[in-house]
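Chain residues, written in single-letter form:
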Amino acid sequence: MELKSRFRLVDLLSILLLTICSGSLVLVATSSGPGVSPDSVSYISAARSLAAGNGVLDYTGDHLSTFPPGLSVLMSLLLRVGLDLEVAAIALNLVMLAATVALSYVLACLTLRDRLWAIFVTAIFIVSRSTTEIFSMVWSEPVFTPLALATMILLVIGYKRRNISMAIACAVGVTTAAALSVRYSGALLVVASAIVVA
């Protein structure tokens, strides 16, 4: 029991340290505000429109259909509680980054079975330039990534048990649907789920 408690403490400390390191990189990268691309303009316009009570409209005034509405809905909720757009985007990305660190570590522990390797692999992924860039932008990837990781963790657990229980199947359905609401590429999670179940 004591040994398990120590491992849990090591796990929590590892996740906390990796979150602080990666979060610091993102804060430095967003010191002048989050990055904005043409896709970001659509997400931001739809979030502002929804927060104003006008529906999910893009910058042309048309309904947002090129991108899923998930990110815009989340950002609109933060705008409705009074957060500035830049603060809302950075705060959302930091929360999603913390979830990504934790879920990456859990997935690494499940698949590698060695905590030192799990820490190493998670650290390489989390502090990489690409990860810092993604979590510094107003993109859907920061929200999509932890949802995809959660789905993969559930599938790995089901695969290891050689049995996908109803609870795991429902949880996979929820995380996949949430991922699809943020990025259409979430449909690939449906394919991955079908392969594991088959």
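Residues numbered from 1 in each chain as written. Predicted model: local features only at pLDDT ≥ 70, side-chain atom pairs only at ≥ 80, totals over all residues. Heavy atoms only, no water.

Participant: Which residues make up the overall build of the chain, and what values do they have?
Facilitator: When helices and strands are counted, the chain shows nine helices and zero strands. Seen through its C-alpha atoms, the chain measures out along the principal axes to roughly 55 × 40 × 25 Å. The 198 residues of the chain split such that 41% are buried. Sequence-distant contacts, at least 24 apart, represent 69% of the contacts inside the chain between residues at least 6 apart. Across the chain, the 12 positively charged side chains and the 10 negatively charged ones have centroids separated by 16 Å. (Helix = DSSP H or I, 4+ residues; strand = E, 2+ residues; numbered from the N terminus. Buried < 20%, exposed > 50% of the residue type's maximum accessible area, 1.4 Å probe, protein only. Contact = heavy atoms within 4.5 Å. Lys, Arg positive; Asp, Glu negative; His and termini not counted. Charge placed at Lys NZ, Arg CZ, Asp CG, Glu CD.)

Participant: Before we move on, can you summarise the packing of aromatic side chains with the specific residues and values?
Facilitator: Ring pairs (aromatic) are described by centroid distance and by the angle formed between their planes. Taken as a whole and assessed by the stated rule, the structure comprises two aromatic pairs. Ring plane angle 50° and centroid distance 5.0 Å describe the contact between Y43 and F67, whose orientation is recorded as tilted. Taken together, the positions of Y43 in helix α2 (residues 38-51) and F67 in the loop between α2 and α3 (70-80) put the pair 24 residues apart, joining distant regions of the chain. Judged by its relative accessible area of 3%, Y43 is buried. Residue class for F67 comes out buried when judged on its relative accessible area of 15%. (Phe/Tyr/Trp six-rings, centres within 6.5 Å; stacked < 30°, edge-to-face > 60°.)

Participant: If you had to explain the nonpolar core to someone new, which residues and values would you point to?
Facilitator: The biggest cluster of nonpolar side chains holds 32 residues, and the ones touching the most others in it are L71, M75, L92, V101, V143 and F144. Listed by contribution, the elements that provide at least two residues to this core are α1 (2-29), α2, α3, α4 (85-112), α5 (115-126) and α7 (141-161). At eight residues, the largest contribution of residues to this core is made by α4. Setting aside residues up to four positions removed in sequence, V101 forms contacts with I15, L18, T19, S22, T122 and I126. (Core = buried A, V, L, I, M, F, W, Y, C linked by side-chain atoms within 4.5 Å.)

Participant: Go over the confidence of the model for the chain, please, and point to the residues and values.
Facilitator: When pLDDT drops low, the exact placement of atoms in the prediction is not to be read closely. For the chain, the mean per-residue pLDDT works out to 91, and 96% of the residues sit at or above 70. Considering only residues more than four positions removed or in separate chains, one finds that residues 1-6, a stretch of pLDDT under 50, has zero contacts. (pLDDT = per-residue confidence, 0-100.)

Participant: A description of the environment of I20 should follow, citing residues and the corresponding values.
Facilitator: Along the chain, the position of I20 falls in helix α1. Exposure remark for I20: the relative accessible area of 48% places this residue in the partly exposed category. Each C-alpha atom of the pair I20 and L50 lies 32 Å from the other, and the pair is 30 residues apart in sequence.

Participant: Break down a nonpolar patch on the surface for me, citing the residues and quoting the values.
Facilitator: Together, L112, W117, F120, V121 and I124 make up a nonpolar patch on the protein surface, roughly 500 Å² of accessible area in all. A total of four residues in the nonpolar patch trace back to one element, the largest contributor, which is α5. Tracing the backbone shows I124 in helix α5. (Patch = residues over 30% accessible without salt bridge, like charges linked within 9 Å, V, L, I, M, F, W, Y side chains within 5 Å. Areas by Shrake-Rupley, 256 points an atom, 1.4 Å probe, with all protein chains shown as cover. Salt bridge = Lys/Arg side-chain N within 4 Å of Asp/Glu carboxyl O.)

Participant: Account for the environment of V127, with residues named and values stated.
Facilitator: Tracing the backbone through its elements, the reader meets V127 in the loop between α5 and α6 (129-134). Not counting the four nearest positions on each side in its chain, V127 is found in contact with C21, L25 and T132.

Participant: How would you explain the packing of α4 against α5 if you had to name every residue and give the values?
Facilitator: Look at α4 against α5: their axes get within 8 Å of each other, and the N-to-C directions meet at 140°. Classified by the interaxial angle, the pair formed by α4 and α5 is oblique. Considering the relative orientation of α4 and α5, their crossing is right-handed. Residue-level inspection shows T100, V101, S104, Y105, A108, C109 and L112 of α4 in contact with α5, the latter providing R115, W117, A118, I119, V121, T122, F125 and I126. (Axes fitted to C-alpha atoms, helices over the stretch in contact; angles between N-to-C directions. Parallel < 35°, antiparallel > 145°, perpendicular 65-115°, else oblique. Left-handed = near helix turned anticlockwise from the far one by under 90°.)

Participant: Which residues make up the side chain of S72, and what are the values?
Facilitator: Looking at the secondary structure, you find S72 in helix α3. Every residue in contact with S72, bar those within four places of it in the chain, is listed here: S42, Y43, A46, A47 and L64.

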